[in-house]
Amino acid sequence: MEGVTTLVGQGLYMAIAAVVGLMLARILRTDITLGCLIAGVLAGVLLPVLDYDTGLRAANLQQLVFFVILPVLIFEAAWQIEPRLLKRWLGPIFLFSTLGVVVCALIIALLTFFGINHPEGFPWIAALLTGAILAATDPVSVVTKLRQSDAEAELLTLVEGESLFNDAAAIVLFSLVLGVASHSVMEGGIETGEPLIGAADVAVYFVVTFAGGLAVGLLCGLVTAVVVLFLGSAGAGLMTLVLAAFGSFYLAEHVVHVSGIISVVTCAIVARVCLREQCETYLVHVEPTWDWLGLLFNALIFVIMGVTITFEMFAHQWLAILIAIAASIGARALAIFLVAPLAHLVGPQIPKAWRLIMGWGGLRGVVAVALVLSLPTELPYWWTVQSMVFGVVLFSLLVQGSSSAWLIGKLQKNDRC
């Protein structure tokens, strides 16, 4: 009973902080993510003064973020994508979310490792973890500004689709590197000179995890559509879709041990395709439902980040944070401009203006925060990596997010000329 009371208290505390964050965003006329981040930071500062313990700990935050918040956010984003346009851009999206993610992660790892230049405190495996985490993008702010500026639907589909599959690939890569890092800690450091994994092992792991996620998501999407059609009511249909978001993620991650993100994305897309006629009838309220769920869970993740942030991070790790910011921006730009010319081999050619938007609009947000919160504290460099990722996310929100509207407007104006 005490555990349930603690859980309810944590949920209530974070929900109140999220509402305060939404109010701050409205007062300051800024993005809701930034408002909720500020609310979280204020709560983290005030709680010790009030001598109040919420019971929030790293362990239960990880479970909350991965198995409650992420499935809903991923399902909501995937449901918004137009299937017809997704089919047209699927080739470039897969190209960016596989080759692009690996290139981006490796460049970030190289730049941070040699930039920090402290192999004992920040070894190569820590740099790889940082690269995998920061390879995940979250273009929520950019997508919102694209919609407000009446941008082309195809650009929206490319940006959203690339982000979703990009996140899935980054999580797969992160899981692989984290397994090696955890093994290294348990064995007291790897000094045999023999790599634990080879290129072939990595390729097989990627293919199996991706293909398995697609298969589980396809099955869950078909089952979801059948259940919704059988129940034939608005309330039951909405309940089934929400359960499908959690169920497809849990089944893939915990039962089949494949990509939960790919499973959720596939489930949402398949369910929407199968239920496209019902979206105009008893599923007409699906969009508003996913809107408020997405708003709630986006607010919660940034409140959690705000609570977790400490000023010591920026005081002690400021140089590492600056290196990570430069590395993440440079790596994203290089990955986009190296991979984009290959897009015509698997789909439509990507205009240069779109490449600029994708490069600067590759913000780090929800998934990066979720991944870094899941780092085991047994890793000796976890705090350094967390500080770097939080610094990059803050930069994304304050600089990239706020300047993306100007960039989009300027590029669209040039297109019309």
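For the structure, see preceding data.
Since this is a predicted model, take the numbers as computed values, not measurements.

Procedures and definitions
- Residues numbered from 1 in each chain as written.
- Predicted model: local features only at pLDDT ≥ 70, side-chain atom pairs only at ≥ 80, totals over all residues.
- Heavy atoms only, no water.
- Helix = DSSP H or I, 4+ residues; strand = E, 2+ residues; numbered from the N terminus.
- Buried < 20%, exposed > 50% of the residue type's maximum accessible area, 1.4 Å probe, protein only.
- Contact = heavy atoms within 4.5 Å.
- Bend = angle between axes of the 7 residues up to and from the residue.
- Patch = residues over 30% accessible without salt bridge, like charges linked within 9 Å, V, L, I, M, F, W, Y side chains within 5 Å.
- Areas by Shrake-Rupley, 256 points an atom, 1.4 Å probe, with all protein chains shown as cover.
- Salt bridge = Lys/Arg side-chain N within 4 Å of Asp/Glu carboxyl O.
- Core = buried A, V, L, I, M, F, W, Y, C linked by side-chain atoms within 4.5 Å.
- Polar contact = N/O pair within 3.5 Å; in protein donor to acceptor, adjacent residues only side chain to side chain.
- Phe/Tyr/Trp six-rings, centres within 6.5 Å; stacked < 30°, edge-to-face > 60°.
- Axes fitted to C-alpha atoms, helices over the stretch in contact; angles between N-to-C directions.
- Left-handed = near helix turned anticlockwise from the far one by under 90°.
- Nonpolar A, V, L, I, M, F, W, Y, C, P; charged D, E, K, R; others polar.

**Student:** Just checking my understanding: could you explain the overall build of the chain for this structure?
**Tutor:** On a plain count of helices and strands, the chain comes out with 16 helices and zero strands. Relative to its full complement of 417 residues, the chain shows a buried share of 52%. Taking all contacts inside the chain whose residues are at least 6 apart in sequence as the whole, residues at least 24 apart take part in 82%.

**Student:** Help me understand helix 4 (residues 83-116) in this model?
**Tutor:** Side chains that are three or four residues apart share a direction in an α-helix, a result of its 3.6 residues per turn. Taking the largest bend as the criterion, helix 4 deviates by roughly 60°, centred on W89, and proline P92 comes between one and four positions later. Where helix 4 ends, the next residue or the one after it, N117, has phi of about 55°, a positive value.

**Student:** Which parts of the structure should I look at to understand the side chain of T137?
**Tutor:** For T137, the location among the structural elements is in the loop between helix 5 (124-134) and helix 6 (140-148). If sequence neighbours within four positions are ignored, T137 has contacts with E162, S163, N166, D167, R332, G362 and L363.

**Student:** Any chance you could explain a nonpolar patch on the surface here in plain terms?
**Tutor:** Together, L219, V223, V227, F230 and L231 give the surface a local cluster of nonpolar side chains, amounting to about 480 Å² of exposed area. Mapped onto the secondary structure, L219 falls in helix 8 (residues 199-231).

**Student:** Help me understand the environment of L95, please; the structure alone is not making it clear to me.
**Tutor:** Mapped onto the secondary structure, L95 falls in helix 4. When its relative accessible area of 18% is taken as the criterion, L95 is described as buried. In sequence terms L95 and V346 are 251 residues apart; their C-alpha atoms lie 8.1 Å from each other. What L95 contacts, discounting residues up to four positions off in sequence, is G100, V339, L342, A343 and V346.

**Student:** Quick question: what am I supposed to make of the nonpolar core here?
**Tutor:** Within soluble globular proteins, side chains that are nonpolar tend to cluster in buried spots. Ranked by size, the top nonpolar core spans 136 residues in total, and within it F75, L129, I133, W290, M305, L375 and V385 carry the most contacts. With 17 residues, helix 7 (residues 153-186) is the single largest residue contributor to this core. For V385, the contacting residues outside a window of four places in its chain are F122, A126, T130, I133, V372 and L375.

**Student:** What is the right way to read the side chain of T130 from this model?
**Tutor:** Residue position: T130 is located in helix 5. The class of T130 is buried, set by a relative accessible area of 0%. Looking at T130, its side chain comes within polar contact range of the main-chain oxygen of A126, at 2.9 Å.

**Student:** Explanation requested: unusual backbone geometry in the structure shown.
**Tutor:** Residues apart from glycine generally show negative phi values, whereas peptide bonds are mostly found in trans. The phi angle at N117 is positive, at roughly 55°, despite the residue not being glycine. Topologically, N117 is positioned in the loop between helix 4 and helix 5. With a phi close to 60°, H257 is a non-glycine residue in the positive phi region. Mapped onto the fold, H257 is located in the loop between helix 9 (234-256) and helix 10 (260-274).

**Student:** It is not clear to me how the environment of A252 should be interpreted in this structure. Could you clarify?
**Tutor:** Positionally, A252 belongs in helix 9. For A252, a relative accessible area of 0% gives the class buried. Put simply, A252 and S263 are 11 residues apart on the chain and 6.5 Å apart in space, counted from C-alpha to C-alpha.

**Student:** Can you walk me through the packing of aromatic side chains in this structure?
**Tutor:** The geometry of an aromatic ring pair is captured by the separation of the ring centres together with the interplanar angle, meaning the angle of the planes. Throughout the structure, instances matching the rule amount to six aromatic pairs. Between W89 and W354, the ring centres sit 5.6 Å apart and the planes meet at 45°, which makes this aromatic pair tilted. In this pair, W89 is assigned in helix 4 and W354 in helix 14 (residues 352-360), connecting sequence segments 265 residues apart. With 5.0 Å between their ring centres and 50° between their planes, F94 and F165 make a pair best called tilted. A residue pair is termed long-range when its members are at least 10 positions apart, and F94 in helix 4 and F165 in helix 7 qualify at 71 residues. Accessibility expressed as a relative area gives 5% for F165, which makes it buried.

**Student:** Honestly, the packing of helix 4 against helix 13 (residues 318-339) in this entry has me stumped. Any pointers?
**Tutor:** Two measures define how a pair of helices packs: the angle their axes make with one another and the distance between the axes. Packing of helix 4 against helix 13 brings their axes to within 8 Å, and their N-to-C directions diverge by 145°. Where helix 4 crosses over helix 13, the two elements pack in a sense that is right-handed. The segment helix 4 lies against helix 13, with L95, F96, L99, G100, V103, C104, I107, I108, L111, T112, G115 and I116 engaging A320, I323, A324, A327, S328, A331, R332, L334, A335, I336, L338 and V339. Within the contact of helix 4 with helix 13, the residues separate by chemical class into 19 nonpolar, four polar and one charged.

**Student:** Explanation requested: helix 5 in the structure shown.
**Tutor:** With respect to burial, helix 5 is a largely interior element, 10 of its 11 residues being buried. Within helix 5, burial applies to I125, A126, A127, L128, L129, T130, G131, A132, I133 and L134.

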